[in-house]
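# Structural characterization, general
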Amino acid sequence: MPQEQKRDLRVARSPRRRKKAGIRPSVLACIAILAVTSVYILFCQMQLTQLTAEVSDQNDTLEELAAENVSLTTKRVNSMSMDEVEAYAVNELGMVKLDNSQIEYVELTNPDSVTVAKSGVSLDTVFAGLARSFSAIVEYIR
């Protein structure tokens, strides 16, 4: 027998099983960012709802106070009529109305005259004019 060829026998390995693919860190990070963003948006919406309710309550209070202001103003105006003021002046203060005989007219023989002091140009008027011109230029530039 011829020499038997020695066969190279090896034990065949079983096919490798793939490891279960775990979640990649980048996918996990995206999910975490998405969750945090969702929670933040919900929190902001909650605050917005609370503030909207508070603004609505304050507007209702403002409308009530405005109506009360109108009511009180009308009441005040009606309580102080000229007839009541006249009655108070006559009865409480002892005042009387003027007669035509008590009216005196004053006639002025000399008309009033106005004298302007410092009508000349001074350093103050020059600076005031420059300041006005500068202000006008700045206002034009704006």
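Counting its secondary structure elements, the protein contains three helices and zero strands. Across the 142 residues that make up the protein, the buried fraction comes to 1%. Put simply, the protein shows about 15300 Å² of open surface, and 59% of that area lies on carbon and sulfur atoms.

As a further point, take the confidence of the model for the protein. Per-residue confidence for the protein averages 84 on the pLDDT scale, and 88% of its residues sit at or above 70. Looking over the protein, one finds the lowest element-wise mean pLDDT in helix 3 (residues 123-141), namely 84, and the highest in helix 1 (residues 25-79), namely 94.

Under the definition given, this model contains one salt bridge. When the shortest N-O distance is used, the salt bridge between Glu86 and Lys97 registers 3.4 Å. With Glu86 in helix 2 (residues 82-91) and Lys97 in the loop between helix 2 and helix 3, this pair connects stretches of sequence that are eleven residues apart. Classification of Glu86 as partly exposed rests on a relative accessible area of 37%. Owing to a relative accessible area of 60%, Lys97 belongs among the exposed residues under this scheme.

Moving on, we get to a nonpolar patch on the surface. A cluster of nonpolar side chains, namely Ile23, Val27, Leu28 and Ile31, defines an oily patch on the protein surface of about 390 Å² accessible area. Assignment of secondary structure puts Ile23 in the segment before helix 1.

Moving on: a negative patch on the surface. Together, Glu54, Asp57, Asp60, Glu63, Glu64 and Glu68 line one region of the surface with negative charge. By the secondary structure assignment, Glu68 is in helix 1. Residue classification places Glu68 among the partly exposed residues on the basis of a relative accessible area of 45%.

Parameters and conventions
Residues numbered from 1 in each chain as written. Predicted model: local features only at pLDDT ≥ 70, side-chain atom pairs only at ≥ 80, totals over all residues. Heavy atoms only, no water. Helix = DSSP H or I, 4+ residues; strand = E, 2+ residues; numbered from the N terminus. Buried < 20%, exposed > 50% of the residue type's maximum accessible area, 1.4 Å probe, protein only. Areas by Shrake-Rupley, 256 points an atom, 1.4 Å probe, with all protein chains shown as cover. pLDDT = per-residue confidence, 0-100. Salt bridge = Lys/Arg side-chain N within 4 Å of Asp/Glu carboxyl O. Patch = residues over 30% accessible without salt bridge, like charges linked within 9 Å, V, L, I, M, F, W, Y side chains within 5 Å. Lys, Arg positive; Asp, Glu negative; His and termini not counted. Charge placed at Lys NZ, Arg CZ, Asp CG, Glu CD.

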